[in-house]
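# Per-entry structural report
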4 protein chains.
Amino acid sequence: MIVVMKAGCSQDDIGAVVNRIKKLGLKEHISQGVERTIIGVLGQNLLDFQDTLQLLPGVEEIIPVSKPYKLASREFHPRNTVVMVNGVAIGGDEIVIMAGPCAVESEKQLLDTARQVKADGANILRGGAFKPSTSPYHFRGLGKKGLEMLAKTREETGMPVITEVMTPNDVELVANYVDILQIGARNMQNFILLDEVGKTRKPVMLKRGLSSTIQEWLLAAEYILAQGNEQLILCERGIRTFETSTRNTMDISAIPIIKKVSHLPIIADPSHATGKWYLVAPLALAAIAAGADGLMIEVHPNPALALKDGAQSLTFESFRQFMSQAIPIAQATGRKLATSGTKVKS
Amino acid sequence: MIVVMKAGCSQDDIGAVVNRIKKLGLKEHISQGVERTIIGVLGQNLLDFQDTLQLLPGVEEIIPVSKPYKLASREFHPRNTVVMVNGVAIGGDEIVIMAGPCAVESEKQLLDTARQVKADGANILRGGAFKPSTSPYHFRGLGKKGLEMLAKTREETGMPVITEVMTPNDVELVANYVDILQIGARNMQNFILLDEVGKTRKPVMLKRGLSSTIQEWLLAAEYILAQGNEQLILCERGIRTFETSTRNTMDISAIPIIKKVSHLPIIADPSHATGKWYLVAPLALAAIAAGADGLMIEVHPNPALALKDGAQSLTFESFRQFMSQAIPIAQATGRKLATSGTKVKS
Amino acid sequence: MIVVMKAGCSQDDIGAVVNRIKKLGLKEHISQGVERTIIGVLGQNLLDFQDTLQLLPGVEEIIPVSKPYKLASREFHPRNTVVMVNGVAIGGDEIVIMAGPCAVESEKQLLDTARQVKADGANILRGGAFKPSTSPYHFRGLGKKGLEMLAKTREETGMPVITEVMTPNDVELVANYVDILQIGARNMQNFILLDEVGKTRKPVMLKRGLSSTIQEWLLAAEYILAQGNEQLILCERGIRTFETSTRNTMDISAIPIIKKVSHLPIIADPSHATGKWYLVAPLALAAIAAGADGLMIEVHPNPALALKDGAQSLTFESFRQFMSQAIPIAQATGRKLATSGTKVKS
Amino acid sequence: MIVVMKAGCSQDDIGAVVNRIKKLGLKEHISQGVERTIIGVLGQNLLDFQDTLQLLPGVEEIIPVSKPYKLASREFHPRNTVVMVNGVAIGGDEIVIMAGPCAVESEKQLLDTARQVKADGANILRGGAFKPSTSPYHFRGLGKKGLEMLAKTREETGMPVITEVMTPNDVELVANYVDILQIGARNMQNFILLDEVGKTRKPVMLKRGLSSTIQEWLLAAEYILAQGNEQLILCERGIRTFETSTRNTMDISAIPIIKKVSHLPIIADPSHATGKWYLVAPLALAAIAAGADGLMIEVHPNPALALKDGAQSLTFESFRQFMSQAIPIAQATGRKLATSGTKVKS
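Source: prediction; values computed, not measured.

## Considering the overall build of chain A
In terms of regular secondary structure, chain A is built from 11 helices and 15 strands. C-alpha extents for chain A along the principal axes are approximately 80 × 45 × 40 Å. Residues counted as buried form 60% of the 346 residues belonging to chain A. Counting contacts in chain A only where the partners sit at least 6 residues apart, residues at least 24 apart contribute 67% of the total.

Printed below as a string of structure tokens:
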């Protein structure tokens, strides 16, 4: 951490900062420049002392130097984390496709979709049982019934399933039914929920918050890792910007940045990022080209009748077409689409 | 709701849209322009049908017309809501000051602060027992002990207290100890928590989410109102923008907009909005001038030693100075600072 | 255009709106709903009348329906525009690579770079002679000397050249030396400059402004098109968001959106979008996968000694490596990299 | 400037950075921490060397410490700048009101407005002759005719006038007619225009760009100051955010920040910031309370017939009412509204 002193500060000001640093059990290192003095601060947990030093007379600014996350960093953990989900490896050489309806609506809707996306190469089935909704008057999911349908469909198809858990009380219930616990964008900083999924040993997928920096996202990941759960996947799903043509703006650069600074797998969700079905395929292909470890894509038997987010769902036909484009793009990046779990159970 | 058809769409496309509208039990109203046709849709719960219509051939765009919130709107409820908290009226003619430390740290810290801010005119005591923290390695509050200190300090000073509740399971506990339940910015769309505080009959203060539009904020309010809890206060505390000089950007325009479109009281929290103590007074005064019903301000006996957010806390001295400025500004707007609960118990 | 009336407005209010519409020479179309009345407005140049109608009593909101741009729209001009630059086709089947240094620094720097990027497959040479700089104390380019170096290097290598023009007075000068006039992001709404390049018959590349919506970008394009210059290329180079890991956030979704709503070619500039050389290749590949018609990439013989933007420049080695990745990605999308002008003049 | 080395970098990496620093004629200062080494860099024009150092092996990050602007800083120039405009002092104890129509439309419109706003206490007349417009199909101002009307109205009323200059070629022309040259938000980084107005000795008002940080704004100011023109006023007019209820989000915190870090006067333009007339008064009052040195407010004899921005214009009646609220707010802050130039010439 660096303490930047004001241009005209006194020697007493500098002395007082040095004294405070020593009292806190830290070490100081003074650089007296022509214009101003800067004081390096060495020691542990420096971020805890930022405010304290900030408020001393003559201090202009405190600049943190260390990254505030550790377990999520590649520095701490150089090798890629590979999350294993019933035989599907996420974060390895192969690119994993999660597909399915936004919300679980019925056994038939889910099973039909699962069979179809599996036949076309999807590895994992998605489907929301508990649905966050901006308005209290909209569909909020089938709840436990939806979980049962997910489990049953897994039974029938052999596909691992992923679904969102919205509140700490539901973690155990959801974990009993599905293979990956999803933390939604709006809950990225629901810290008690993060603690709770961190205490399980289930794989977790953590979506980036709409207004979260990459650093805040990794700090949210740190909550889960700090509880001992290392089966963690990150998911970029768009950030909030001034542009209104899309629901959110998919931050494609987050993919190579995460690969550089963290060891965690990263996938992209172009359905939620854009809110428009015709943008899903181009952005999904872009995510693969940028190095994503996987994709989460909404598919519905009849989007126009979907109870939720039909406008961003692919039809069976458009999903199949997308998959035929994804294969060569994956190959062009030197990877390939994962094949685990994609053959229909005989 | 309005369906805008594409410029070159066919009569069949228009017919199909009309049929769908009728099947949904709604009424249509066609305007055939030179360039394009637009179709008005009349009926209930129109937003539920937006996606369905969006996906029909020849449809360019769906434009919602009705506001998606109702209970929170001034149209539905023309008169100002006034929330009564132990004799303090929030949303009436008088401006209410909530003040206190970011986090409850000790009995002495809390009581000293309470006595001081009360002597200087604060009406309600704030203090965090459960603290959200971006990093898992930082102070997260004293929890239940903090609640007990809040209750004890209320006993001693007679000031009503407000504190944040972070998760549904804690709602009952927190409600037993304090007078106002605060929903923090990061939890504005924690819908299950909103349901839960909506089921209590305690006053709730709902902070605006960092990346939430005013409309989404009112929809979050709608969750609480829809559960029957009308004792609701809104709090503007800054939104996330590209500017890095301040922690967030306080959206001063939210204050007159909320007064116009909603009946709910609105207060401002310049401490969290800016993250810098020297910006708190000017922004607090600005909020009063813009029509806010109150303020929430962080005050600490010794900000440089605060366990949390010291850099944004006023000292006793600077709080007193601020209050001396607030009085004439309030008068200049034709209002005055509330005096309920500000006299020290004899 | 649609006039949404307030819920409780009077028949007189509605009558006054209708009268105003008629006086303006427009036609009205009334839909009387249960909750509120909406009035469709039909006619030409409707946007001119938005404010006028907005201010009438009883009016809640005016909703524009038509797109405000015409010449730039695919509706008006269904077939892709292909811009021809000395034998290089931009916007056709092939993907065009523009590469070169951020700023022209010397004859040798430019010529070395041109030869190298051409040998590796670049089609067009970029290089700034007039450089916008956030600070007045930084390098602002070689000016006319830089233009002469560009012309000389074109002579030597046969590569068409592109450079930025920053002010109306320089348009003629710059047009005399180079093949494509670039309008920088900061000048996207420099309307007099847009008029001026619109009056030339030189190809123009219009970068998206940092805080411009796609619609505003197309309206800026409309300025150029309205002057009769149809040789226009768009360039996505990142928008300003709250994220600080990258200089800007490349809006990858802009690429398929532009392809859908406009006929103009669109290329991407990942160097300026990210500001970091190690993000250039992944984002460039992503842009190709998303459907971009080309790329603009900064390359420097020795980025660490560059006078401008070294941190975002590729070395010769990393550019070559990138090109070897771009070829299969382009093929995987069913296109290929353009080869025009890439063979060294014998 | 500080060079942060990577955690695992070698002594050779550190040695190479030190060598480069010395070669550049700068001094280094090494702090070897437990986790990582940081190297302070001392000398002149450090920002020029940021990229160079960034690219050396083992370097994690470069952190600038000095502010990149100098002439605009309060450190360099501790006393408030007061800009004198025909007897009106901007930046002194009194608060200055600029008012008038968005665009000059006719002699009568301008004169009527000038007389009225002067009678109600405005000090300076605003009115656009050259109007930036997002669309090429909208009104772009009366040009030179508009300037003549401004000069004539000044003659009649004695009010100083301010108008926007959009392009370097017009600077001399506009300067011949008006008292303050306004640089619009879209031109904040039109560097050649900044140079040009910097070369005049006319007062300049520099609006903040829609997506400009406060630091970039002060760097734009630096361009003007560096040319020797110190008669400079800043104007906050809203930044672009995700919120769509207002045209832009007025960054009220910019006012106290500018007062702290710079000596330049700062005024606020709530008309452009919000785009809605009913938000103008509350935000204008807020700006005064936050410490603004003045306001720019749009007033039109008949907003519903305005050629531009009618929706954000006050009527004569609402301007008068606003002024009656502004007087006590100004007094409550210990200042008062300026009276120079507000008495009608006899």
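## Comments concerning the sheet that holds strand S2 (residues 27-32) of chain C
Residues and elements named next belong to chain C. Spatially, S2-S3-S1-S4 is the arrangement adopted by the four strands of the open sheet, whose pairing is antiparallel. With partners counted over all chains shown, the strands left at the sheet margins are S2 and strand S4 (59-63), one partner each. The average undirected angle you get between the axes of adjacent strands in this sheet is 20°. Alignment of strand S1 (residues 2-5) against strand S3 (residues 37-42), held across three bridges, turns out to be antiparallel. Counted as the bridge partner of Ile2 is Gly40 from S3. Packed on one face of the sheet, helix H1 (residues 11-23) meets S1, S2, S3 and S4 and runs near 5° to S3.

## Concerning the relation of the copies chain A and chain C
Superposition record for chain A on chain C: RMSD 0.1 Å, screw rotation 180°, translation along axis 0.0 Å. Classification of the inter-copy transformation places it as that of a two-fold axis. Relative to the rotation axis, the C-alpha of Ala286(A) is the closest in chain A, positioned 2.0 Å from it. A share of 100% of the interface residues of chain A reappears at the interface of chain C, consistent with the copies meeting face to face through the same patch.

## Describing the interface of chain D and chain B
Opposite the 33 residues of chain D that make contact, chain B presents 34 residues. When contributions to the side of chain D that touches chain B are tallied by element, the ones reaching two or more residues are helix H8 (254-261), helix H10 (277-289) and helix H11 (316-332) of chain D. If you tally residues by element for the side of chain D that touches chain B, the top one is H10(D), at eight residues.

## A word on helix H1 (residues 11-23) of chain A
All names here are of chain A. Helix length check: H1, at 13 residues, gives a terminal C-alpha distance of 18 Å against a target of 18 Å (1.5 Å per residue), a fit within 8%. Residues of H1 that are buried include every one of Ile14, Val17, Arg20 and Ile21, and no others. Down the axis of H1, the smallest arc covering the buried residues is 125°, so these residues share one side. Relative to its buried face, H1 has exposed residues pointing more than 90 degrees away, namely Gln11, Asp12, Gly15, Asn19, Lys22 and Lys23. Those residues of H1 that are buried are in contact with strand S1 (2-5), strand S2 (27-32), strand S3 (37-42), helix H2 (50-54) and strand S4 (59-63). Phi for Gly25, located one or two positions after H1, is positive at around 80°.

## Details of the sheet that holds strand S1 (residues 2-5) of chain D
Residue and element names in this part refer to chain D. The sheet built from four strands is open, its strands ordered S2-S3-S1-S4 with antiparallel pairing. Across the chains shown, the open sheet's two edge strands, defined by having one partner strand only, are strand S2 (27-32) and strand S4 (59-63). Each neighbouring strand pair of the sheet contributes to a mean axis angle of 20°, computed without reference to strand direction. Docked against the sheet, helix H1 (residues 11-23) engages S1, S2, strand S3 (37-42) and S4, running at close to 5° with respect to S3.

## Notes on the relation of the copies chain D and chain B
Expressed as a screw operation, the relation of chain D to chain B combines 0.0 Å of axial shift with a rotation of 180°, fitting to an RMSD of 0.0 Å. Comparing contact sets, 100% of the residues at the interface of chain D also lie at the interface in chain B, consistent with an isologous, same-surface contact.

## Re helix H3 (residues 107-119) of chain A
Residue and element names in this part refer to chain A. Taking 1.5 Å per residue as the helical rise, H3 with its 13 residues ought to reach 18 Å, and the 18 Å between its terminal C-alpha atoms agrees with that figure. If you check which residues of H3 are buried, you get Gln109, Leu110, Thr113, Ala114, Gln116, Val117 and Lys118. Check the buried side of H3 and you find it contacts strand S7 (94-100), strand S8 (124-126), helix H4 (144-157) and helix H11 (316-332). Gly121, located one to two residues past H3, shows a positive phi value of around 115°.

## Some words on the packing of H10(D) against H11(D)
Residues and elements named next belong to chain D. At a closest axis distance of 10 Å, the pairing of H10 and H11 adopts a crossing angle of 20°. Relative to H11, H10 is oriented roughly parallel. For the pair H10 and H11, the crossing hand works out as right-handed. Residue-level inspection shows Trp277, Ala281, Ala284, Leu285, Ile288 and Ala289 of H10 in contact with H11, the latter providing Ser318, Phe322, Gln325, Ala326, Ile329 and Ala330. For the contact of H10 with H11, a count of residues per class yields 10 nonpolar, two polar and no charged.

## Some remarks on the confidence of the model for chain A
For chain A, mean pLDDT is 93; residues scoring 70 or higher make up 98% of the total. This prediction of the complex comes with two scores: 0.94 for pTM and 0.93 for ipTM.

## Some remarks on the domain arrangement of chain A
Size of an interface: often given as the accessible area lost when the parts come together. Here chain A is described as being made up of domain 1 (2-63) and domain 2 (83-337). Placing the centre of domain 1 of chain A and that of domain 2 of chain A at their C-alpha centroids yields a distance of 45 Å.

## Some details on the nonpolar core
For soluble globular proteins, the rule of thumb is that nonpolar side chains tend to be buried together. The biggest cluster of nonpolar side chains holds 420 residues, and the ones touching the most others in it are Ala284(A), Ala284(B), Ala284(C) and Ala284(D). Every residue in contact with Ala284(B), bar those within four places of it in the chain, is listed here: Ala268(B), Pro270(B), Leu295(B), Ile297(B), Phe322(B) and Ala326(B).

## Here we look at the interface of chain A and chain C
On the chain C side, the residues contacting the 34 residues of chain A number 34 residues. Considering each element in turn, the side of chain A that touches chain C owes the most residues, eight residues, to helix H10 (residues 277-289) of chain A. Partitioning the side of chain A that touches chain C into residue classes produces 20 nonpolar, 11 polar and three charged.

## Some remarks on the pairing of strand S11 (residues 204-207) of chain C
All names here are of chain C. The alternating pattern of S11 places Val204 and Leu206 on one face and Met205 and Lys207 on the opposite face, and all of these are buried. Inspection of the sheet shows strand S10 (residues 180-183) paired to S11 by three bridges, in the parallel sense. From the neighbouring strand, Gln182 faces S11, where its bridge partner is Met205. Since S10 and S11 lie parallel, the crossover through helix H6 (residues 191-199) that links them has a hand, and here it is right-handed. As paired strands, S11 and strand S12 (residues 232-236) are joined by four bridges and run parallel to one another. What sits directly across from Met205, in S12, is Ile233. The parallel pair S11 and S12, bridged by helix H7 (residues 214-226), forms a crossover whose chirality is right-handed.

## What to know about the environment of Glu222(B)
Its place among the elements puts Glu222(B) in helix H7 (residues 214-226). With 23 C-beta atoms counted inside 10 Å, the residue Glu222(B) sits in the buried group. Sequence-wise, Glu222(B) and Thr244(B) are 22 residues apart; in three dimensions their C-alpha atoms are separated by 32 Å. Look past the residues within four positions of Glu222(B) in its chain and what remains in contact with it is Ser135(A), Pro136(A), Tyr69(B), Leu71(B) and Ala72(B).

## Notes on the packing of helix H3 (residues 107-119) of chain D against helix H4 (residues 144-157) of chain D
All names here are of chain D. With their axes 10 Å apart at the nearest point, H3 and H4 run at an angle of 40° to one another. As far as their axial angle goes, H4 and H3 are oblique. The interaxial crossing formed by H3 with H4 has right-handed handedness. Contacts between H3 and H4 pair Glu107, Leu110, Leu111, Ala114, Arg115 and Lys118 from the former with Met149, Lys152, Thr153, Glu156 and Thr157 from the latter. The residue inventory of the contact of H3 with H4, partitioned by class, reads four nonpolar, two polar and five charged.

## What to know about the pairing of strand S14 (residues 294-298) of chain B
Working note: regular strand, side chains alternate between the two faces of the sheet. All names here are of chain B. For S14, the buried fraction is high: five of the five residues fall into the buried class. Across the two faces of S14 the burial is the same, with Gly294, Met296 and Glu298 and Leu295 and Ile297 all buried. Where strand S7 (residues 94-100) lies against S14, five bridges are found, and the strand directions are parallel. Directly across from Ile97, in S14, lies its bridge partner Leu295. Relative to S14, strand S13 (residues 266-268) runs parallel, the two being bridged by two bridges. Looking across to S14, one finds that Ile267 is bridged to Gly294.

## Examining unusual backbone geometry
For Asp309(B), which is not glycine, the phi dihedral falls at a positive 55°. Inspection of the secondary structure puts Asp309(B) in the loop between S14 and helix H11 (316-332).

## A look at the environment of Met1(B)
Residue and element names in this part refer to chain B. If you trace the backbone, Met1 turns up in the segment before strand S1 (2-5). Between the C-alpha atoms of Met1 and Ala311, which are 310 residues apart in sequence, the distance is 48 Å. Once residues lying within four places of it in the same chain are set aside, the contact partners of Met1 are Val41, Leu46, Gln50, Ile62, Pro64 and Val65.

## Observations regarding the environment of Lys144(B)
Here Lys144(B) shows up in helix H4 (residues 144-157). On a C-alpha basis, the gap between Lys144(B) and Arg201(B) in space is 21 Å, while along the polypeptide they are 57 residues apart.

About the thresholds
- Here the residue numbering is sequential within each chain, running from 1 through the sequence in written order.
- As a convention, the first chain written is A and the first ligand written is 1, with the rest following in written order.
- Where totals are concerned, whole chains, interfaces and linings use all residues; where local detail is concerned, this predicted model gives features only for residues with pLDDT of at least 70, and gives and counts side-chain atom pairs only at 80 or more.
- Elements are defined by DSSP. Helices are runs of H or I of four residues or more, strands are runs of E of two residues or more, and each kind is numbered from the N terminus.
- Neighbour counting defines burial: a residue surrounded by 20 or more other C-beta atoms within 10 Å of its own C-beta is buried, one with 12 or fewer is exposed, and intermediate counts give partly exposed, using backbone-placed C-beta atoms.
- Think of it this way: build a C-beta for each residue from its backbone, and any pair within 7 Å is a contact.
- Between any two strands, pairing holds if DSSP finds at least two bridges.
- For helices, the axis comes from a line fit to the C-alpha atoms of the stretch in contact; other axes are also lines fit to C-alpha atoms, and the angle between any two N-to-C directions lies between 0 and 180 degrees.
- What sets the superposition is a least-squares fit of C-alpha atoms, and only residues with pLDDT of at least 70 in both copies go into it.
- Working rule for helices: expected span equals 1.5 Å times residues minus one.
- This arc corresponds to the set of directions leading from the helix axis out to the C-beta atoms.
- Should an angle fall under 35 degrees it is taken as roughly parallel, and over 145 as roughly antiparallel, whereas 65 to 115 is taken as roughly perpendicular and any remaining angle as oblique.
- Each helix crossing is assigned a hand: it is left-handed if the near helix lies turned anticlockwise from the far helix by less than a right angle, otherwise right-handed if that turn is clockwise.
- Under the scheme applied here, ten amino acids are nonpolar (Ala, Val, Leu, Ile, Met, Phe, Trp, Tyr, Cys and Pro), four are charged (Asp, Glu, Lys and Arg), and all others, including Gly, are polar.
- What pLDDT reports is the predictor's confidence in each residue, on a scale of 0 through 100.
- These domain boundaries are the output of an automatic or database domain assignment.
- Each nonpolar core consists of buried Ala, Val, Leu, Ile, Met, Phe, Trp, Tyr and Cys residues. Their C-beta atoms, within 7 Å, join them into a set.
- Handedness of a crossover is defined as follows: orient the strands so they point away from the viewer, and if the path from the first strand over the helix to the second runs clockwise, the crossover is right-handed.

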